[in-house]
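Summary of structural features
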Amino acid sequence: MRIATLTSGGDCPGLNAVIRGIVRTAATHGHTVVGFEDGWEGLLEDRRVQLYDDEHIDRILLRGGTILGTGRLHPRDFMAGIDRVKDNLRDAEIDALIPIGGEGTLKGARFLHDNGVPVVGVPKTIDNDVNGTDYTFGFDTAVAVATDAIDRLHTTAESHDRVMIVEVMGRHAGWIALHAGMAGGAHDILIPEFPFDIDDVEKRMARRFQMGEKYGIIVLAEGALPKKGSFHTKDREVDEFGHEKFQDICGELRKELENRLDIDVRSTVLGHIQRGGTPTAFDRVLATRFAVNATQAAMNGDFGKVVALKGENIELIDFESAVGELKVVPESRYCTATSLFG
């Protein structure tokens, strides 16, 4: 059997662990693996490399990023190239494709499955917003990085009597902000699922100083927005993929709070450092388990499925369960955090 794999969308700690797991599992059963470079674009352009079960593959477990490269391709261009995709897979004698990516990648995988391509999907995203799986690899690493940053900001904020705003990733789902904020002892957490009232944020920070505290920490997801009429923000533009371009909500919130509180307010945007570097042990293990189970599904001919973590077990779910809607923070989970704000 000849299996192909690719990584698409944003990079993520743990991608190399998946590639390693696919190659080693396939090799154990006498099968070979081909990697397509730079995501769907590499598949369209037939840019492929043979992946061998050697020392190089063994060591990539420790590395962040992806040895295959990644990228984004407009769905219109991808769908228009379906015949080229099928020709390239046929020419490479591919029996199964295992694409690794987030919601957009999995939608592309579903499209291929609907058009007769044997596919098994592996979900990945640091945002943890893929439906049907309890966690995605990359999330734990991102939370660990963000928590470490918050830990460090506590001491400098207290030393200077400041409010510090920490912006973390999370366009439509606030899982990183929620977990890192709780783990780091933040005094407020603002996420996309629940528009915030600037008056409430102001009161919570002011109350800390009134009670004798010397500083405050606010964790802000990049996609968070104030309630309508709370305070004015720039209108968001839309990119060629239909995704909103975020317009520095962190800077806007900093200016508004500084004007209201008459306290020094500083902001820190963590950005892509959350996506880079060595994956945590949890992410390495989860990525490897996803890889082994996806490869076994491919070898068993169980196509049209996505691997998912359910409790302690890895299960196979259909594409609709994975991409039907985003997994966002429910109100009950957010209320657990807000009860700590005082």
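Just so we're clear, the structure is a prediction, and the values are computed from it rather than from any experiment.

**A word on the overall build of the protein**
When helices and strands are counted, the protein shows 13 helices and 13 strands. Expected size for 342 residues packed as a compact globule is a radius of gyration near 20 Å; at 22 Å, the protein falls within 12% of this value. In terms of its C-alpha atoms, the protein occupies a principal-axis envelope of roughly 70 × 40 × 30 Å. A separation of at least 24 residues holds for 74% of the contacts in the protein among residues at least 6 apart in sequence. Summed over its atoms, the accessible surface of the protein is roughly 14800 Å², and 45% of this surface lies on carbon and sulfur atoms. For the protein, the distance from the average position of its 39 positive side-chain charges to the average position of its 54 negative side-chain charges is 1 Å.

**Quick word on the packing of aromatic side chains**
Pairs of aromatic rings are described using the distance from one ring centre to the other and the angle between the two planes. Going through the model one piece at a time under the given rule, you end up with six aromatic pairs. An aromatic cluster of three or more residues is present, and its members are W40, F78 and F111. The ring of W175 has K327 lying over it, and the distance from NZ or CZ to the ring centre is 5.6 Å.

**Quick look at the environment of I317**
Its place among the elements puts I317 in strand β13 (residues 313-318). Sequence separation between I317 and H74 is 243 residues, and the spatial gap between their C-alpha atoms is 26 Å. For I317, the contacting residues outside a window of four places in its chain are N131, G132, G304, K305, V306, A308, K310 and A322.

**Some thoughts on the pairing of strand β6 (residues 163-168)**
In terms of burial, β6 is largely enclosed, as six of its six residues are buried. A two-sided burial pattern is seen for β6, the buried positions comprising V163, I165 and E167 on one face and M164, V166 and V168 on the other. Taken together, the six bridges between β6 and strand β8 (residues 216-221) define a ladder with parallel strand orientation. The partner of M164 across the bridge, within β8, is I217. Here five bridges tie β6 to strand β11 (residues 265-269), and the two strands are oriented parallel to one another. Opposite I165, over in β11, you have S267 as the bridge partner.

**Some remarks on the packing of helix α1 (residues 15-28) against helix α11 (residues 281-299)**
Relative to each other, α1 and α11 sit at 40°, their axes nearing to 8 Å. Between α1 and α11, the interaxial angle falls into the category oblique. Considering only the axes of α1 and α11, their crossing is right-handed. Across the interface between the two elements, A17, V18, G21, I22, T25 and A26 of α1 pack against R284, A287, T288, A291, V292, T295, Q296 and M299 of α11. Of the residues contributing to the contact of α1 with α11, the split by class is eight nonpolar, five polar and one charged.

**A closer look at the pairing of strand β5 (residues 120-123)**
Put simply, side chains in a regular strand alternate between the two faces of the sheet. Residues V120 and V122 of β5 are buried on one face, and the alternating residues G121 and P123, pointing to the opposite face, are buried as well. Relative to β5, strand β4 (residues 96-101) is paired through two bridges, and the arrangement is parallel. Pairing of I100 across the sheet is with V122, part of β5. You can see the chain leave β4, run along helix α6 (residues 103-114) and come back into β5, and the turn it takes is right-handed. Pairing of β5 with strand β12 (residues 305-310), which is carried by two bridges, proceeds in the parallel orientation. Residue G121 lies in a different strand from β12, and its bridge partner there is V306.

**So, the sheet that holds β6**
Across the sheet, which stays open at both edges, the four strands sit in the order β7-β8-β6-β11 with parallel pairing between neighbours. Of all strands in the sheet, those bounded by a partner on one side alone are β7 (188-190) and β11. Neighbouring strand axes in the sheet, compared pairwise and without regard to direction, differ in orientation by 20° on average. The strands touched by helix α7 (residues 139-160) are β6, β8 and β11; relative to β6, the strand with the most contacts, the crossing angle is about 165°.

**A look at the pattern of salt bridges**
The full count for this structure, using the stated rule, is 24 salt bridges. Salt-bridge contacts for D58 lead to R20; the nearest nitrogen and oxygen are separated by 3.1 Å. Here the residue D58 occupies a position in helix α3 (residues 55-59), and R20 occupies one in helix α1, the gap between them amounting to 38 residues. Its relative accessible area of 34% is what places D58 among the partly exposed residues. The exposure class of R20 is buried, given its relative accessible area of 15%. For R266, the salt bridge is made with D264, and the minimal N-O distance between the two is 3.2 Å. Judged by its relative accessible area of 38%, R266 falls in the partly exposed class. A single salt-bridge network, built from bridges that share partners, covers R20, R24, D53 and D58.

**Re the UniProt feature "active site" (unreviewed entry) in the protein**
Sequence positions flagged by UniProt for "active site" (unreviewed entry) are, in local numbering, D127. For D127, the position within the fold is in the loop between β5 and α7. Each residue touching D127, except ones within four places of it in the same chain, is listed here: F139, M169, G170, R171, W175 and I176.

The rules behind these values
- Residues numbered from 1 in each chain as written.
- Predicted model: local features only at pLDDT ≥ 70, side-chain atom pairs only at ≥ 80, totals over all residues.
- Heavy atoms only, no water.
- Helix = DSSP H or I, 4+ residues; strand = E, 2+ residues; numbered from the N terminus.
- Rg over C-alpha atoms; globule rule 2.2 N^0.38 Å.
- Contact = heavy atoms within 4.5 Å.
- Areas by Shrake-Rupley, 256 points an atom, 1.4 Å probe, with all protein chains shown as cover.
- Lys, Arg positive; Asp, Glu negative; His and termini not counted.
- Charge placed at Lys NZ, Arg CZ, Asp CG, Glu CD.
- Phe/Tyr/Trp six-rings, centres within 6.5 Å; stacked < 30°, edge-to-face > 60°.
- Lys NZ or Arg CZ within 6 Å of the ring centre and 35° of its normal.
- Buried < 20%, exposed > 50% of the residue type's maximum accessible area, 1.4 Å probe, protein only.
- Pairing = 2+ DSSP bridges.
- Axes fitted to C-alpha atoms, helices over the stretch in contact; angles between N-to-C directions.
- Parallel < 35°, antiparallel > 145°, perpendicular 65-115°, else oblique.
- Left-handed = near helix turned anticlockwise from the far one by under 90°.
- Nonpolar A, V, L, I, M, F, W, Y, C, P; charged D, E, K, R; others polar.
- Right-handed = clockwise from strand over helix to strand, strands pointing away.
- Salt bridge = Lys/Arg side-chain N within 4 Å of Asp/Glu carboxyl O.
- UniProt positions renumbered as here; feature names shortened; annotations may be inferred.

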